[in-house]
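# Reading the structure
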Amino acid sequence: MRVLLLFAAASCSMSVQAQEVRRIGAPESPISASVEVPRASGLVYVSGTVPDPADAAAPQGSVQRYGDTATQTRSILRKIEAQLTLHGLSMRDVVMMRVFLVAPPGQARMDFAGMMTAYREFFGTAAQPLRPARSTMQVAGLVDPGWLVEIEVTAAGPARPTVRRAQ
């Protein structure tokens, strides 16, 4: 009886782990309308990420230092990709993205098209067809006046065993 219970418990945990993240949305849309993450998944939250300087010689706090919206978005997505690899994940595991955009100097509106140019290099491609749910919003400003973009993501992967630390 004990062996049967252990087998049943192992079978249940394997079937839960085999569940896939479910993404729902129009095929032509660059984002998913919704994403369902199985309960047994492990979640990784990547804090708001900002761009690296594109031109370190440009003045501190200037847009020239970090580049236009597309350049900044590309830099940020590469940094997020690197952060995810530390958790054994990749961009295909991103289930939710929040994008904060500032209007470039002299413009009233955010450069959504510039953000999408870089975004489409990472999501919805032949090599990486998965798309996260996403919110994109214009904000008045970010910490550094040269930043036009900040992105945070949530990624889902296999649950990891809990490690208890001595207190």
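Residues numbered from 1 in each chain as written. Predicted model: local features only at pLDDT ≥ 70, side-chain atom pairs only at ≥ 80, totals over all residues. Heavy atoms only, no water.

In this model helix 3 (residues 69-85) runs 24 Å from its N-terminal to its C-terminal C-alpha over 17 residues, within 8% of the 24 Å that 1.5 Å per residue would give. Residues of helix 3 that are buried include every one of Thr69, Ala70, Gln72, Thr73, Arg74, Ser75, Ile76, Leu77, Ile80 and Leu84, and no others. Here the buried face of helix 3 lies against strand 3 (41-49), helix 2 (63-66), strand 4 (94-101), helix 4 (112-119) and strand 6 (149-158). (Helix = DSSP H or I, 4+ residues; strand = E, 2+ residues; numbered from the N terminus. Expected span 1.5 Å × (residues − 1). Buried < 20%, exposed > 50% of the residue type's maximum accessible area, 1.4 Å probe, protein only. Contact = heavy atoms within 4.5 Å.)

Throughout the structure, instances matching the rule amount to two aromatic pairs. With 6.2 Å between their ring centres and 70 degrees between their planes, tyrosine 66 and tryptophan 147 make a pair best called edge-to-face. Highlighted residues: tyrosine 66 in helix 2 and tryptophan 147 in the loop between strand 5 (133-138) and strand 6, separated in sequence by 81 residues. Ring centres of tyrosine 119 and phenylalanine 123 lie 4.9 Å apart, and the angle between their planes is 25 degrees; on these two criteria the pair is classed as stacked. With relative accessibility at 0%, the residue tyrosine 119 sits in the buried group. Among the residues examined, phenylalanine 123 registers a relative accessible area of 2% and is labelled buried. Over the aromatic face of tyrosine 119 sits the side chain of arginine 134, whose NZ or CZ is 4.5 Å from the ring centroid. (Phe/Tyr/Trp six-rings, centres within 6.5 Å; stacked < 30°, edge-to-face > 60°. Lys NZ or Arg CZ within 6 Å of the ring centre and 35° of its normal.)

Let us now look at the packing of helix 3 against helix 4. Contact pair helix 3 / helix 4: the axes reach a minimum separation of 7 Å and the direction vectors enclose 40 degrees. The pairing of helix 3 with helix 4 is recorded here as oblique in orientation. Here helix 3 and helix 4 pass one another in a crossing that is right-handed. Contacts between helix 3 and helix 4 involve Thr69, Ala70, Thr73, Arg74 and Leu77 on the former and, on the latter, Gly114, Met115, Thr117, Ala118 and Tyr119. (Axes fitted to C-alpha atoms, helices over the stretch in contact; angles between N-to-C directions. Parallel < 35°, antiparallel > 145°, perpendicular 65-115°, else oblique. Left-handed = near helix turned anticlockwise from the far one by under 90°.)

To continue, consider the sheet that holds strand 3. Spatial strand order, 3-6-4-5: four strands in an open sheet with mixed pairing. Strand pairing shows two members of the sheet lacking a second neighbour, strand 3 and strand 5, which therefore form its edges. Strand after strand, the sheet turns through a mean of 10 degrees between neighbouring axes, direction not considered. Across seven bridges, strand 4 lies against strand 6 in antiparallel orientation. Note that in strand 6 the partner of methionine 96 across the bridge is threonine 154. (Pairing = 2+ DSSP bridges.)

Next up on the list: the pairing of strand 4. Within strand 4, six of the eight residues are buried, which leaves the element mostly enclosed by the surrounding structure. Where strand 4 and strand 5 come together, six bridges link them in parallel fashion. Directly across from phenylalanine 100, in strand 5, lies its bridge partner methionine 137. In terms of handedness, the path from strand 4 via helix 4 over to strand 5 forms a crossover that is right-handed. (Right-handed = clockwise from strand over helix to strand, strands pointing away.)

Note that all results are geometric; they support no functional claim without further evidence.
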